[in-house]
Amino acid sequence: MKRVFLILSMVLFCSLATTTMAQKFAFIDMEYILKNIPAYEMTNEQLSQLSEKWQGEVEVLQQEAQNMYKTYQSELVFLSAEMQSKREEEIIKKEQEAQELKRKYFGVEGELYKKRESLMKPIQDEIYEAVKAISEDKGYQAVVDRASTMRSVIYASPKIDISNEVLAKLGYSK
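Residues numbered from 1 in each chain as written. Predicted model: local features only at pLDDT ≥ 70, side-chain atom pairs only at ≥ 80, totals over all residues. Heavy atoms only, no water.

**Some points on the overall build of the chain**
Across its full length, the chain holds 6 helices and 2 strands. Along the chain, helices and strands appear, N-terminal first, in the series α-β-α-α-α-α-β-α. Looking at the chain residue by residue over its 174 residues, the buried ones come to 23%. Counting only contacts in the chain whose residues sit at least 6 apart along the sequence, the fraction spanning at least 24 positions is 78%. (Helix = DSSP H or I, 4+ residues; strand = E, 2+ residues; numbered from the N terminus. Buried < 20%, exposed > 50% of the residue type's maximum accessible area, 1.4 Å probe, protein only. Contact = heavy atoms within 4.5 Å.)

Printed below as a string of structure tokens:
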């Protein structure tokens, strides 16, 4: 009985070991790939310019609110209680306007996020399709981005890094 159990265990172990050894994995460095795609660099530049423009608009409103407050402080002794209240409301309104504009442009679902998403999606889709084609051609079961923040891969042989192949497939050979 022990012999049968031992033989079955060996067969099961061998079949699992063969299956595990047959799987192929590859690694890519997404940062490296993106740095070598001109469209990505142009997109980043475009987003940077847009961000600076919008930041300037927000800063103008904030500066206006700050100037209103300084003027209010200097004229405070000459203002009636009613005028003080009115000026305070105007300053608060201007500050809220600046905060709302900042949220509109730079918030979680703001204009910058939407613009980045719309510009980056085609690049990401193109990379995904190239990785998928290479994986299917070479029989990789998984391709892992070793540049991701998860850092789950401690060591990877450079022999299985297909980043240059992805760039070549995209037409950006090094």
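There is more to say, and it comes next.
**Quick look at helix α5 (residues 111-138)**
Spanning 28 residues, α5 covers 40 Å between terminal C-alpha atoms, matching the ideal 40 Å at 1.5 Å per step. Remark: the principal bend of α5, roughly 35°, maps to Met120, with a proline, Pro122, within the next four residues. Along α5, the positions that sit buried rather than exposed are Leu112, Met120, Ile123, Ile127, Ala130, Val131, Ile134 and Ser135. One or two steps after α5, the chain reaches Gly139, where phi turns positive at roughly 75°. (Expected span 1.5 Å × (residues − 1). Bend = angle between axes of the 7 residues up to and from the residue.)

**Observations regarding the pattern of salt bridges**
The final tally for this structure, using the stated rule, is 6 salt bridges. Among the salt bridges present, the one from Glu75 reaches Arg87, with a minimum N-O distance of 2.6 Å. Here Glu75, found in helix α3 (residues 38-75), pairs with Arg87, found in helix α4 (residues 81-106); they are 12 residues apart in sequence, far enough to count as distant. Look at Glu75 and you get partly exposed, because its relative accessible area is 27%. Close ionic contact of Lys138 with Glu165 constitutes a salt bridge, the shortest N to O distance being 2.8 Å. Placement of the pair is Lys138 in helix α5 and Glu165 in helix α6 (residues 163-170), with a sequence separation of 27 residues. The partly exposed category is assigned to Lys138, whose relative accessible area is 37%. (Salt bridge = Lys/Arg side-chain N within 4 Å of Asp/Glu carboxyl O.)

**Quick look at the packing of α3 against α4**
In contact at an axis separation of 9 Å, α3 and α4 are set at 170° when each is read in the N-to-C sense. One finds that α3 runs roughly antiparallel with respect to α4. In the packing of α3 onto α4, the handedness of the crossing is left-handed. The residue inventory of the contact of α3 with α4, partitioned by class, reads 12 nonpolar, 6 polar and 10 charged. (Axes fitted to C-alpha atoms, helices over the stretch in contact; angles between N-to-C directions. Parallel < 35°, antiparallel > 145°, perpendicular 65-115°, else oblique. Left-handed = near helix turned anticlockwise from the far one by under 90°. Nonpolar A, V, L, I, M, F, W, Y, C, P; charged D, E, K, R; others polar.)

**As for the nonpolar core**
The biggest cluster of nonpolar side chains holds 17 residues, and the ones touching the most others in it are Ile33, Ile37, Ile127, Ile162 and Val166. Those elements that provide at least two residues to this core are β1 (25-28), α2 (30-35), α5 and α6. A per-element tally of this core places α5 first, with 6 residues. Not counting chain neighbours up to four residues away, the residues in contact with Ile33 comprise Ile28, Ile127, Ser163, Val166 and Leu167. (Core = buried A, V, L, I, M, F, W, Y, C linked by side-chain atoms within 4.5 Å.)

**Quick word on the side chain of Asp161**
Looking at the secondary structure, you find Asp161 in the loop between β2 (142-145) and α6. Within the structure, the side chain of Asp161 is placed 2.5 Å from the side chain of Arg146, a separation counted as a polar contact. Not counting residues up to four positions away in its chain, the partners in contact with Asp161 are Phe27, Ile28, Asp29 and Arg146. (Polar contact = N/O pair within 3.5 Å; in protein donor to acceptor, adjacent residues only side chain to side chain.)

Geometric descriptors of this kind do not, in isolation, establish any biological role.
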